[in-house]
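Single-letter residue listing:
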Amino acid sequence: FWAGVPQGPPDPILGVTDAFKKDTAKNKVNLGVGAYRDEQGKPYVLESVLQAEDILHKKKLDKEYLPITGEIEFVRLSAELAYGKDSKPLTENRIAVAQSISGTGALRIATEFLAKYYPGPKSVYLPDPTWGNHIPLVEGTGMKVVRYRYFDKKTIGLDFAGMKEDLEKAEPGSIILLHACAQNPSGIDPTKEQWKEINEVIKSKKHLALFDMAYQGFASGDLIGDAFAPRYFVEQGHQIILCQSFAKNLGLYGERAGTFSMVCSSPEEKERVLSQVKRVIRPLYSSPPLHGAQLVATILGTPELFEQWLKEVKKMADRIISMREKLYNALVELKTPGEWGHIKSQIGMFSFTGMTADQVSDLAEYAHVYLTKDGRISMAGLNEGNIQYFAESMSKAVKG
Ligand code: PMP
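The name given to the protein chain in an unreviewed UniProt entry is Aspartate aminotransferase, with the source organism recorded as Saitozyma podzolica. Its UniProt record gives the protein chain the following Subunit (unreviewed entry) comment, quoted word for word: "Homodimer."

Whenever I open this one, the site of the ligand confuses me. Can you help?
In the region of the ligand, 13 residues are neighbours, and Ser102, Gly103, Thr104, Ser245 and Ala247 sit closest. The leading source of residues in the shell around the ligand is helix α5 (residues 102-117), at 3 residues. Residues of the shell around the ligand, tallied by class, amount to 4 nonpolar, 8 polar and 1 charged.

Before we go on, may I ask you to explain the pairing of strand β8 (residues 208-213) in this structure?
For a regular strand, side-chain orientation follows a simple rule: the groups alternate between the two sheet faces. Here β8 lies mainly inside the structure; 6 of its 6 residues are buried. Neither face of β8 is open: one carries Leu208, Leu210 and Asp212, the other Ala209, Phe211 and Met213, and all of them are buried. Bridging between strand β7 (residues 175-179) and β8 involves 5 bridges; their strand directions are parallel. Within β8, the position partnered with Leu178 by the bridge is Phe211.

Explanation requested: the UniProt feature "domain: Aminotransferase class I/classII large" (unreviewed entry) in the protein chain in the structure shown.
The UniProt feature table records "domain: Aminotransferase class I/classII large" (unreviewed entry) at residues 27-393. Helix makes up 46% of residues 27-393 and strand makes up 15%, while its end C-alpha atoms are separated by 12 Å.

I'm lost on the nonpolar core in this one. Help?
Taken as a class, soluble globular proteins show a tendency for nonpolar side chains to be buried jointly. Counting residues in each nonpolar core, the largest one holds 114 residues, and the members touching the most others are Ala110, Ile176, Leu210, Phe211 and Val296. When residues of this core are assigned to their parent elements, the largest contribution, 10 residues, is made by helix α13 (residues 303-333). Each of two domains, domain 1 (14-44 + 316-399) and domain 2 (65-301), supplies a minimum of three residues to this core. Aside from chain neighbours lying at most four places away, what touches Ile176 is Tyr125, Leu167, Ile202, His207, Leu208, Ala209 and Leu210.

I keep staring at the domain arrangement of the protein chain and nothing clicks. Help me out?
It is common to report an interface's size as the accessible area lost on association of the parts. What the domain assignment lists for the protein chain is domain 1 (14-44 + 316-399) and domain 2 (65-301). Relative placement of domain 1 and domain 2: their C-alpha centres are 29 Å apart. Opposite the 17 residues of domain 1 that make contact, domain 2 presents 19 residues. Put simply, the parts of the chain that give the side of domain 1 that touches domain 2 at least two residues each are α13 and β11 (350-352). Broken down by class, the residue content of the side of domain 1 that touches domain 2 amounts to 9 nonpolar, 5 polar and 3 charged.

What is the right way to look at the packing of helix α15 (residues 357-367) against helix α16 (residues 387-399) in this model?
In helix packing, the relevant descriptors are the interaxial angle and the interaxial distance, both defined with respect to the helix axes. Two elements in contact, α15 and α16, have axes separated by 9 Å at closest approach and are oriented at 130°. By the angle class used here, α15 and α16 are oblique. Crossing of α15 against α16: the hand is right-handed. Contacts between α15 and α16 involve Gln359, Asp362, Leu363 and Ala367 from the former and Ser393, Met394, Ala397 and Val398 from the latter. Here the residues of the contact of α15 with α16 are counted per class, giving 5 nonpolar, 2 polar and 1 charged.

Would you explain the environment of Leu90 in this entry?
Among the structural elements, Leu90 can be located in helix α4 (residues 88-91). According to the C-beta neighbour criterion, Leu90 is buried, with 20 such atoms within 10 Å. Between the C-alpha atom of Leu90 and that of Glu80, which follows or precedes it by 10 residues, the distance is 7.7 Å. Ignoring anything within four residues of it in the chain, the contact list for Leu90 reads Ala79, Glu80, Tyr83 and Ile95.

Looking at this model, I keep getting lost on helix α3 (residues 72-83). Mind explaining?
Think of an α-helix as 3.6 residues a turn; residues three or four steps apart then line up on the same face. Helix length check: α3, at 12 residues, gives a terminal C-alpha distance of 17 Å against a target of 16 Å (1.5 Å per residue), a fit within 8%. Residues of α3 that are buried include every one of Phe74, Val75, Leu77, Ser78, Ala79, Leu81, Ala82 and Tyr83, and no others. Gly84 sits one or two residues past α3 and shows a positive phi near 95°.

Rules behind the numbers
Residues numbered from 1 in each chain as written. Predicted model: local features only at pLDDT ≥ 70, side-chain atom pairs only at ≥ 80, totals over all residues. UniProt positions renumbered as here; feature names shortened; annotations may be inferred. Near = placed C-beta within 6 Å. Helix = DSSP H or I, 4+ residues; strand = E, 2+ residues; numbered from the N terminus. Nonpolar A, V, L, I, M, F, W, Y, C, P; charged D, E, K, R; others polar. Buried ≥ 20, exposed ≤ 12 C-beta atoms within 10 Å, placed from the backbone. Pairing = 2+ DSSP bridges. Core = buried A, V, L, I, M, F, W, Y, C linked by C-beta atoms within 7 Å. Domains from an automatic or database assignment. Contact = placed C-beta atoms within 7 Å. Axes fitted to C-alpha atoms, helices over the stretch in contact; angles between N-to-C directions. Parallel < 35°, antiparallel > 145°, perpendicular 65-115°, else oblique. Left-handed = near helix turned anticlockwise from the far one by under 90°. Expected span 1.5 Å × (residues − 1).

Structure, rendered in structure tokens:
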């Protein structure tokens, strides 16, 4: 049957971890991984999550199926977290929300729904660069991927003029995917003022804003600040779509907890949209997983656990910020040719270092340090134990 099936290419990100695993060197470092690591380089389970696990265990809940659109408290509390309790469309009961298989699943619901029902042009504008999975997620539904400029190689910063020009030039009513915060892979976000201008362009061109929010709180430790862009767009009257993930900010990677949501113009429209969202979900996976949603609902719904979580999410964000400082200082001290301020100014788990593909492969070959070919490093993979070694190796690779 399967003689004609060709070998697929390895996943560019997961392939880095494979290469790392094969390396037997003691001092090897994996900076390809997209998950938080603690000071010892170990996966980190949040105390608030452990406490929620205890609470759930004691309740001896059943394992019945969830409704198609998910756990009701989870959905309600997640929407409040994303949009803010006082958000106008939320209080007016016109946001359609469904639990999703984390952020990826939310994007899948969004793209499936848009491919079926969006009345405008079926082109999704993705930033260049973007998270690799965005491309097959869009193309898989038959919609067209178009790229808008985002990253400026020369400044290792935002190409704001290019971005605005591309959004201006896009056919009116196009779908524009925006990273809500901590853009992956560049770590470069627009400023608040720039977001306001982006809002103007999107509004005047009647584009649809599709927000991917995988890092709320994780980017800066501030849940409200990190949600600035989608909340501002909503305030400005955009009927946004929002894909929310709890993988990073609650460390619930494998639990697959997230939401898809869409701001509608009335409660009645919301009900119609939800009825079709259910028809998207039902043949995909019937109903979402229970446990992660119960954990999130317990943490968001229990004031003491919520407080505990706030501290922990800040701790993760602060550790990453301190690694940025240390890496920057070490690179400067080692007189590494180039300007490294972007290491400090970038946001979130990733940093686009500006290293070339050759420098990246030298790092793997000579220093047992692994990262993606585009020069992106996961700051979470750095800690007190390996940062000096990494800075020295990186400095050598850059010096050539
Ligand atoms: N969007 C972006 C920008 C991401 O970086 C990620 C995770 N790497 C996701 C979505 C989806 O993650 P998950 O499905 O684990 O929530």
